[in-house]
Amino acid sequence: MATHPGPDTSDPVASGSTPLVSISGVDKYYGDFAALKQIDLHIPAGQVVILIGPSGSGKSTLCRTINRLETIQSGQISIDGKPLPAEGKGLAALRADVGMVFQSFNLFAHKTILENVTLGPIKVKGVKKAEAEAEARRLLDRVGVGAQADKLPAQLSGGQQQRVAIARALAMKPKVMLFDEPTSALDPEMVKEVLDVMVELAKGGMTMIVVTHEMGFARTAGDRVVFMSDGEIVEDTDPESFFTNPRSARAQDFLSKILSH
């Protein structure tokens, strides 16, 4: 079950409250290939949504459209009531509200851990260096790598680097955090240390959209599971219902394959 009281997963538009992330009628094509087909997804603040499904189902593409790393052909995506701008300063400002953690850590190799975490707040938000460094050290302590602040990324393990990437995203004070398979590039013994940080974020009320193959995490930390297949949302329910009683044949087939290993 969820580790914190999950918000109601019923349609927040119908209930009158504005969802923090609103995706309406979104289509995404690569040439003639439809990667996303008429996606509708409305996520209230504080909810942890797990995107799962087979490879090629559109999970990562959907995640990347939410901060315009992937452009869409039709539909609309809004963050906190504001539609995503196509480009320019408006997009940069809105992207600052959306933290993103990828499979690869994407840290600047020639900058220290502390510099990696302070760069965004100083350059994008105009935070003074001393203030940015104090906040960065607090966040690095929070994710358990405070002692590594003066090292370069190559001196850290993969799990440590991914926790730095989480701290870097948090330093921008985002309204929502996107995680695109954050543990898939890690050695097995490092997966738990990253998932533990994500569980603590979830308990703290961070709105999170997580693409993952870690079913234990999905079941315990998620408020909501969105199962995708062939670019469509097939099921959208709470984790317990999904894992114990999937409604669609596609979800049943998917679960039978991954849970039998």
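An unreviewed UniProt entry annotates the protein chain as ABC-type polar-amino-acid transporter originating from Tersicoccus phoenicis. Its UniProt record gives the protein chain the following Subcellular location (unreviewed entry) comment, quoted word for word: "Cell membrane". Listed in UniProt under the heading Catalytic activity (unreviewed entry), the comment for the protein chain reads: "a polar amino acid(out) + ATP + H2O = a polar amino acid(in) + ADP + phosphate + H(+)".

Enquirer: Looking at this model, I keep getting lost on the confidence of the model for the protein chain. Mind explaining?
Expert: Detailed reading of the predicted coordinates is not advisable wherever pLDDT falls low. Overall, the prediction assigns the protein chain a mean pLDDT of 89, with 92% of residues at 70 or greater. Long-range and interchain partners of residues 1-16, a stretch whose pLDDT sits below 50, account for 34 contacts in this model, where long-range means more than four residues apart.

Enquirer: I keep staring at the sheet that holds strand β2 (residues 33-43) and nothing clicks. Help me out?
Expert: Spatial ordering of the open sheet is given by β2-β1-β4-β5, a layout of four strands whose pairing is antiparallel. In this open sheet, the two strands that pair with only one neighbour each are β2 and β5 (82-83). Where strand β1 (residues 21-30) meets strand β4 (residues 74-79), five bridges bridge the pair, whose relative direction is antiparallel. Looking across to β4, one finds that V21 is bridged to I79.

Enquirer: What am I meant to see in helix α3 (residues 113-123) here?
Expert: The periodicity of an α-helix, 3.6 residues per turn, causes residues three or four places apart in sequence to face the same way. I113, L114, N116, V117, T118, G120 and P121 are the residues of α3 that are buried. In this structure, the buried residues of α3 make contact with α4 (129-142) and α5 (158-170).

Enquirer: How should I be thinking about the side chain of K59 in this particular structure?
Expert: Relative to the assigned elements, K59 resides in helix α1 (residues 59-65). Although K59 is buried, it forms no salt bridge, and the closest oppositely charged side chain is E181 at an N-O distance of 4.4 Å. Residue contacts for K59: discarding those within four places in its chain leaves L51, I52, G53, P54, E181, V211, H213 and M228.

Criteria and cut-off values
- Residues numbered from 1 in each chain as written.
- Predicted model: local features only at pLDDT ≥ 70, side-chain atom pairs only at ≥ 80, totals over all residues.
- Heavy atoms only, no water.
- UniProt positions renumbered as here; feature names shortened; annotations may be inferred.
- pLDDT = per-residue confidence, 0-100.
- Contact = heavy atoms within 4.5 Å.
- Pairing = 2+ DSSP bridges.
- Helix = DSSP H or I, 4+ residues; strand = E, 2+ residues; numbered from the N terminus.
- Buried < 20%, exposed > 50% of the residue type's maximum accessible area, 1.4 Å probe, protein only.
- Lys, Arg positive; Asp, Glu negative; His and termini not counted.
- Salt bridge = Lys/Arg side-chain N within 4 Å of Asp/Glu carboxyl O.

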